[in-house]
Amino acid sequence: MSMNFLAERMKRLGTETAFDVLVKAQALESQGRDIAHMEIGDLGFDTPQNICNAAIEAIKDSRNSHYGPAAGYLKLREAIAEYISKTRKIDVNVNEIVVTPGAKPIMFFGILACVNEGDEVIYPNPGFPIYESVINFVGAKPVPVPLLEEVDFRFDIQRLVDSVTPKTKMIIINSPHNPTGGILLKSDLEVIADLAIKNNIVVMSDEVYSQIIYDDAKHESIASIPGMKERTIIIEGFSKTYAMTGWRLGYGVMPEELAQHITKLMVNSNSCTAGVIQSAGIEALKGPQESVGKMVAELKRRRDVIVDGLNAIEGISCKRPLGAFYVFPNVTKVPMDFMKLPDYLLYEYGVATLAGTAFGEYGKGYLRLCYAGTMESIMKALERMDKAIKALKKG
Ligand SMILES: Cc1ncc(COP(=O)(O)O)c(C=O)c1O
């Protein structure tokens, strides 16, 4: 039966390829194949025990069995306000925060609330695919700005400046960045802030990897630049920092008036975020933080193993990223059509990766691998990729 009742706008909504590749990889596993999972942006770490215990206690408290405030528990928003004020060095109050099931809804709600049909939205490419998907969904024009390997996957800043038109409504930035692991420098943020202020542009700053940062790198938030807090939506969450991807807990920090509209979108869609999960979030922010440091140290160890391992494979070159938990190796010298490479690696060698183009047109010539799973899968993936690429050279 043809779906003749589908709304036009659904044709404009995109998706995340990582989930499609996961399905393909799991189908192979169900046939008995061993797969090194490097595709999905999830962590192989367990949620810290103190957070799990807080959730168990919260289940026993009947106050958590009911609807709660649409913007989130006051106690959680107080903890978030304290955390953001401290880490971003800005003064944030509870009315500027909306808690959501995961950070993703802030992306969706933020674009829905600020961007009109026909507006232009500038965003990083390669970049998290949901940005472009939602920009298209609301009938706005996506304006991709390339991130360049030569500058450690930062913006082509002149191209960004040149992309601003009178129709530009929003600039989306993401640092540390998925899929490249790149981070934006304060100098980049200053240029973007200047553009935003002069042209009355809203900035959506996706900072979900703010705590996952290596070596001497420092996370900088554009909201810390004078004049920017009042035009920035910070997207943050618990998924990455506390290994809580499946719990679904995130939040946005934004001007108070906008927070009221985003809260209305919560009322219209979710009513509220689950109370038990919010209670776990309070413990995550207020409880001991050692687990975060330990996880980041382990991720750094894995980053070094995967970067060194990939660079040892002939035809692959890979930058050493300073944040997040992804690598974005350049595979243009591998003697195979780059679009066929992920399927070749998956079906012939049992390594699940994503094509760089899953993150936009400027991802051409790259693969994305997530190294947050297990060290065992990293080792397997490296060994198998080496064999797979050597086999191509022989062939
Ligand atoms: C850049 C970026 N933003 C947001 C998200 C979504 O985070 P959450 O699980 O909190 O919805 C992800 C998840 O992969 C991401 O990579």
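Read on for an overview of the structure. The structure presented is a predicted model; accordingly, all values stated were derived computationally and were not measured. Position labels on residues start from 1 in each chain and follow its written sequence. Restriction of local features to residues with pLDDT of at least 70 applies here, the model being predicted, together with a cutoff of 80 or more for giving and counting side-chain atom pairs; totals for whole chains, interfaces and linings are based on all residues. To obtain the side-chain values, all non-hydrogen atoms of the structure were included, while hydrogens and water were left out.

**What to know about the sheet that holds strand 6 (residues 168-174)**
Alright, step 1. In spatial order, the strands read 2-9-8-7-6-3-4-5; together these 8 strands make up an open sheet with mixed pairing. Each edge of the open sheet carries a strand with a single partner, namely strand 2 (97-100) and strand 5 (154-155).
Alright, step 2. Note on contacts: a residue pair is in contact if any heavy atoms of the two residues lie within 4.5 Å. Note on geometry: axes are lines fitted to C-alpha atoms, helical ones only across the stretch in contact, with angles between N-to-C directions running from 0 to 180 degrees. Runs of H or I in DSSP of at least four residues are treated as helices and runs of E of at least two as strands, each being numbered from the N terminus. On the sheet, helix 5 (residues 129-137) packs against strand 3 (120-125), strand 4 (141-148), strand 6 and strand 7 (202-206) and is oriented at approximately 165 degrees with respect to strand 3.
Alright, step 3. Contacts from helix 7 (residues 186-199) reach strand 5, strand 6 and strand 7 within the one sheet, and its direction differs from that of strand 6 by about 165 degrees. Two strands are said to pair when DSSP picks up at least two bridges between them.

**Quick look at the site of the ligand**
Alright, step 1. Near residues are defined by distance, with any heavy atom within 4 Å of the molecule or strand qualifying the residue. For the ligand, the set of nearby residues contains 14 residues, the closest of which are D206, Y209, S239, K240 and R248.
Alright, step 2. Two N or O atoms form a polar contact when they lie within 3.5 Å of each other; inside protein one atom must be a possible hydrogen donor and the other a possible acceptor, and for residues adjacent in sequence the pair counts only when both atoms belong to side chains. Within the side chain of Y209, an N or O atom sits 2.7 Å from an oxygen atom of the ligand.
Alright, step 3. The fraction of the free accessible surface of the ligand (400 Å²) that becomes covered by protein chains is 93%.
Alright, step 4. Classifying every residue of the shell around the ligand by side-chain character gives 6 nonpolar, 4 polar and 4 charged. In these tables, accessible area is a Shrake-Rupley quantity obtained with a 1.4 Å probe, and a residue counts as shielded only by the protein chains included in the view. All residues other than Ala, Val, Leu, Ile, Met, Phe, Trp, Tyr, Cys, Pro, Asp, Glu, Lys and Arg, Gly among them, are scored as polar; the first ten of these are nonpolar and the last four charged.

**So, the packing of helix 2 (residues 49-60) against helix 9 (residues 275-286)**
Alright, step 1. Viewed as axis vectors pointing N to C, helix 2 and helix 9 meet at an angle of 140 degrees, and their least axial separation amounts to 8 Å. Remark: the crossing between helix 2 and helix 9 carries right-handed chirality. Contacts between helix 2 and helix 9 involve N50, I51, A54, A55, A58 and I59 on the former and, on the latter, V276, S279, A280, E283 and A284.
Alright, step 2. Broken down by class, the residue content of the contact of helix 2 with helix 9 amounts to 8 nonpolar, 2 polar and 1 charged. Here a crossing is taken to be left-handed if its near helix is turned anticlockwise relative to the far helix by less than a right angle, and right-handed if that turn runs clockwise.

**Topic: helix 7**
Alright, step 1. Every helix has an expected span of 1.5 Å times one less than the residues it contains. The terminal C-alpha atoms of helix 7, which comprises 14 residues, lie 20 Å apart, in line with the 20 Å expected from a rise of 1.5 Å per residue.
Alright, step 2. Burial classes: relative accessible area under 20% of the type maximum marks a residue as buried, over 50% as exposed, and values in between as partly exposed (1.4 Å probe, protein chains only). Those residues of helix 7 not exposed but buried are D188, L189, I192, A193, L195 and A196. Here the buried residues of helix 7 occupy an arc of 165 degrees about the axis, which is enough to place them on one side.
Alright, step 3. Where helix 7 is buried, its residues meet strand 5, helix 6 (157-163), strand 6 and strand 7.
Alright, step 4. Backbone geometry just after helix 7 places N200 at a positive phi near 55 degrees. Taken from the helix axis, the directions to the C-beta atoms give the arc we talk about.

**Things to note about the pairing of strand 8 (residues 232-237)**
Alright, step 1. Most of strand 8 is tucked away: 6 of the 6 residues are buried.
Alright, step 2. Of the two faces of strand 8, the one carrying T232, I234 and E236 and the one carrying I233, I235 and G237 are both buried.
Alright, step 3. Examined bridge by bridge, strand 7 and strand 8 share 4 bridges and lie parallel to one another. Residue M204 lies in a different strand from strand 8, and its bridge partner there is I233.

**Focus on a nonpolar patch on the surface**
Alright, step 1. Only residues whose relative accessible area exceeds 30% and that take part in no salt bridge are eligible for patches, with like-charged residues grouped when within 9 Å of each other and nonpolar side chains (Val, Leu, Ile, Met, Phe, Trp, Tyr) grouped when within 5 Å. Each salt bridge in this description consists of a side-chain nitrogen of Lys or Arg and a carboxyl oxygen of Asp or Glu lying within 4 Å of one another. The grouping of M3, F5, L6, M10 and L13 at the surface amounts to a nonpolar patch, some 480 Å² of accessible area in total.
Alright, step 2. On the secondary structure map, F5 appears in the segment before helix 1 (17-30).
Alright, step 3. Accessibility expressed as a relative area gives 58% for F5, which makes it exposed.

**Overview of the side chain of S205**
Alright, step 1. Inspection of the secondary structure puts S205 in strand 7.
Alright, step 2. Looking at S205, the relative accessible area reads 4%, which means it is buried.
Alright, step 3. At a separation of 2.6 Å, a polar atom in the side chain of S205 contacts the side chain of E207.
Alright, step 4. When residues no more than four places from it in sequence are discounted, the contact partners of S205 are I173, I222, T232, I233, I234 and I235.

**Concerning the sheet that holds strand 12 (residues 354-355)**
Alright, step 1. Across the sheet, which stays open at both edges, the 3 strands sit in the order 10-13-12 with antiparallel pairing between neighbours. The open sheet has two free edges, formed respectively by strand 10 (326-327) and strand 12, since each of these has just one partner strand.
Alright, step 2. Alignment of strand 12 against strand 13 (residues 367-370), held across 2 bridges, turns out to be antiparallel. Counterpart to L354 in the pairing with strand 13 is R368.

**Some points on the packing of aromatic side chains**
Any aromatic ring pair is given by two values, namely how distant the centres are and how the planes are angled relative to each other.
Alright, step 1. Paired rings are identified among Phe, Tyr and Trp, the last through its six-membered ring, by centres lying within 6.5 Å, and are further divided according to the angle between planes into stacked (under 30 degrees), edge-to-face (over 60) and tilted (the rest). Summed over the entire model, instances satisfying the criterion amount to 12 aromatic pairs.
Alright, step 2. With 5.8 Å between their ring centres and 75 degrees between their planes, F153 and Y366 make a pair best called edge-to-face. In this pair, F153 is assigned in the loop between strand 4 and strand 5 and Y366 in the loop between strand 12 and strand 13, connecting sequence segments 213 residues apart.
Alright, step 3. Relative accessible area serves as the criterion here: at 5%, F153 is assigned to the buried category.
Alright, step 4. When the ring of F325 is compared with that of Y326, the centres are 5.0 Å apart and the planes differ by 55 degrees; the resulting orientation is tilted.
Alright, step 5. Ring-pair connections join several aromatic residues into one group, and the members of that group are F108, F109 and F137.

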